[in-house]
Amino acid sequence: MQNFVRISYESQWGSRSLGLVPVNLWPLRLDVKPHPPRGWKLQVKRALVKLSEPINMFKGSFAELALELPVDIGLYVNGVLVGSLPIGRVKYAIYGTPDLGDPCRYVDSRILEELPSYLKGTVSVEIYARFDEDLVQISKIVIPTLGLGSYLTSEGKPVFSKIVLEVYGKTSGIARPKAVPSLEGAEEVLRLQPDTFYIMRFGF
Amino acid sequence: MGFRRCEIIELTLAWLQGVLSDIVPRIRDVLKDYTSYLLAFTVFLLSIYVSGYVANKIMRSHSLRTSLRPEVLYNVALAARLFTIFLGVVLALSIAGVNIGNVLLAAGILGLVVGLAAQQTLGNLFAGIALLLEGRVKVGDTVRIGNDLGVVRAVGLMSSQIRLVSGELLTLPNSALMNSSLYNVSAPIARRGEVVVNISYDSDIDKAVEIIRRTLWNNELVLVEPEPMIIVEGLAESGVNIRVLYWAPTREFFAVRSTIVRDIKNALESQGIAIPYPHRVVLLKGETRSLLEESVSQNPQR
């Protein structure tokens, strides 16, 4: 008869079981690593970052901004990712309309203020204005977290992949993670789906 | 003894030959008929077997790469099965020597009669086909029809079944489903919830609104976008009505609603905001009033 151990964790938001692991895998090595934000009661694939102030993008312009995302804790059993858990407050938002939009992890300054610095990962966003209109205001960015890689700097600060946002007009754009860290020299700890992108079709 | 032995044998053989020449063609004819009947029956049985095989194949293709929904697949498999059996029956009848043309003509006339007699049934059938093609509802969708709320359990060719939240199984003819106002509440990702909170006239409205806003923010599943709305709606009989509108993921809607109502009540009470009972001021006049005053003065405890 095979015996199992249950892996579960608890946080201020509740407890969750990650299921049973057969003991024939013993000795179990349990690692925790920074993981892009997914969620708690809902597992989502994107993060909607609300900017504290809108950015004005003019035709043909380029901007680079540094954002922060909450860091979830990725749990690994013998080197295999078995789940992730958020530490801080978790909120969600629908990007788009309730019938056609996509559920996202919501991030704004109120949520980030509650987190210690080691649970905030830096994301560098390069914005390219590829539209014919004079001006597009950007007040939110949807980041496909499924494609974000996680990195750690030599000081142990979490960093995520760089994001390229191409803006095609007031209502459309593409956000695409690049396979490079947002801060140079950071060491890769997690690589997710590298070719992921998200088409923002409900405006900025 | 006038006959010799060899003559008797010859006569017997001749008689036997005569009998056999008469019987053998008859037996052959009978056997021929029975063989064709047997063959027709075998073809019919084979068609049943093949129909089951075809239906099985179609149903199993669900686990492969097809994007068809299970209920559509089920009905396609059923149609394929019936069609295969129909082909088997036609083939079997033609093997048995039945004139198919006459049968089809009779079937046509019968179909006309049945069509006239069973308009409602056919209406349900076509409504079922339309429902399947249109994709208005899928198995597993939560729907509301009139006052009935439940989860779609099956979408058939003639009728559909909805498991109501009360546990009963509602079977609706497809034509009724097509003609009714149907709310598919599981199609959108999020649903809007609504709670009306009544606070006493003595309470601080701004403080109450702030407490409600904080309670919504503290609930993980209350969405930030679309933004919740808190409306001071009106002055009611016993207090001030505050309408709380929020959005929650459809899957978690009822759980969120329950939590929100409980949390708002607890938060308001803990902050000293009273949720009043209905109040009514009754004015008494004349004799009734004097009697009541007398009674109260005699026994102040009452």
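In the block above lies the structure referred to throughout.
Numbers given to residues run from 1 along each chain, matching the order in which its sequence is written. A letter from A marks each chain and a number from 1 marks each ligand, given out in the order of writing. Local features in this predicted model are restricted to residues whose pLDDT is 70 or higher, and side-chain atom pairs enter the listing and the counts only when it is 80 or higher, whereas totals over whole chains, interfaces and linings include all residues. Think of the side-chain values as coming from all heavy atoms in the structure, minus any hydrogens and water.

**Here's the deal with the overall build of chain A**
Right, on to step 1. In this text, helices come from DSSP runs of H or I with a minimum length of four residues, and strands from runs of E with a minimum of two, each type numbered from the N-terminal end. For chain A, the count of helices and strands is one helix and 16 strands.
Right, on to step 2. Taking all 204 residues of chain A together, the buried fraction comes to 51%.
Right, on to step 3. Whether two residues are in contact is decided by their heavy atoms: any pair within 4.5 Å suffices. Within chain A, contacts between residues separated by at least 24 positions form 73% of all contacts whose residues are at least 6 apart in sequence.
Right, on to step 4. For chain A, the accessible area works out to roughly 10,000 Å², and carbon and sulfur atoms hold 52% of it. We call a residue buried when its accessible area falls under 20% of the maximum for its residue type, exposed when it is over 50%, and partly exposed in between, using a 1.4 Å probe and counting protein chains only. Shrake-Rupley sampling with a 1.4 Å probe provides the accessible areas, and residues are treated as covered by the protein chains on show and by no other component.

**As for the packing of aromatic side chains**
Any two aromatic rings considered together are summarised by their centre-to-centre distance and by the angle between their planes.
Residues and elements named next belong to chain A.
Right, on to step 1. The criterion for an aromatic pair is that two Phe, Tyr or Trp rings (for Trp, the six-membered ring) have centres within 6.5 Å, with stacked assigned to planes under 30 degrees apart, edge-to-face to planes over 60 apart and tilted to the rest. This structure, assessed with the given rule, holds four aromatic pairs over all chains.
Right, on to step 2. A centroid spacing of 6.0 Å and a plane angle of 70° characterise the contact between Tyr-95 and Tyr-198, whose relative ring orientation is edge-to-face. A residue pair is termed long-range when its members are at least 10 positions apart, and Tyr-95 in strand 8 (residues 92-95) and Tyr-198 in strand 16 (residues 198-200) qualify at 103 residues.
Right, on to step 3. When its relative accessible area of 1% is taken as the criterion, Tyr-95 is described as buried.

**What to know about the interface of chain A and chain B**
Right, on to step 1. The interface is formed by 23 residues belonging to chain A together with 17 residues belonging to chain B.
Right, on to step 2. Each of two parts loses accessible area, computed with a 1.4 Å probe, when they are put together; buried area is these two losses added. Summing both sides of the interface, chain A and chain B together bury roughly 1,700 Å²; the carbon and sulfur share of this comes to 60%.
Right, on to step 3. When the buried area of chain A at its contact with chain B is split by residue, A:Lys91, A:Ile94 and A:Pro98 rank highest and sum to 34% of it.
Right, on to step 4. Salt bridge, as used here: a side-chain nitrogen of Lys or Arg that lies within 4 Å of a carboxyl oxygen of Asp or Glu. Of the charged contacts in the structure, one is a salt bridge between A:Lys140 and B:Glu225, with a shortest N-O distance of 3.5 Å.
Right, on to step 5. Any pair of nitrogen or oxygen atoms within 3.5 Å is treated as a polar contact; in protein, a donor-acceptor pairing is required on top of that, and neighbouring residues in sequence qualify only through side-chain atoms on both sides. At the surface where chain A touches chain B, the tally comes to 12 residue pairs in polar contact (both at pLDDT 80 or more).
Right, on to step 6. Breaking the side of chain A that touches chain B down by element, the ones donating at least two residues are strand 4 (46-58), strand 8, strand 9 (102-107) and helix 1 (109-113) of chain A.
Right, on to step 7. Just so you know the grouping, Ala, Val, Leu, Ile, Met, Phe, Trp, Tyr, Cys and Pro go in nonpolar, Asp, Glu, Lys and Arg go in charged, and all remaining residues, Gly too, go in polar. Of the residues that constitute the side of chain A that touches chain B, the class distribution is 12 nonpolar, one polar and 10 charged.

**Quick word on a nonpolar patch on the surface**
Right, on to step 1. On the surface, B:Leu105, B:Ile109, B:Leu112, B:Val113 and B:Leu116 cluster together into a nonpolar patch covering about 540 Å² of accessible area.
Right, on to step 2. Tracing the chain through its elements places B:Leu105 in helix 3 (residues 100-117). Patches in this entry comprise residues that are over 30% relatively accessible and not in a salt bridge; like charges within 9 Å are linked, as are nonpolar side chains (Val, Leu, Ile, Met, Phe, Trp, Tyr) within 5 Å.

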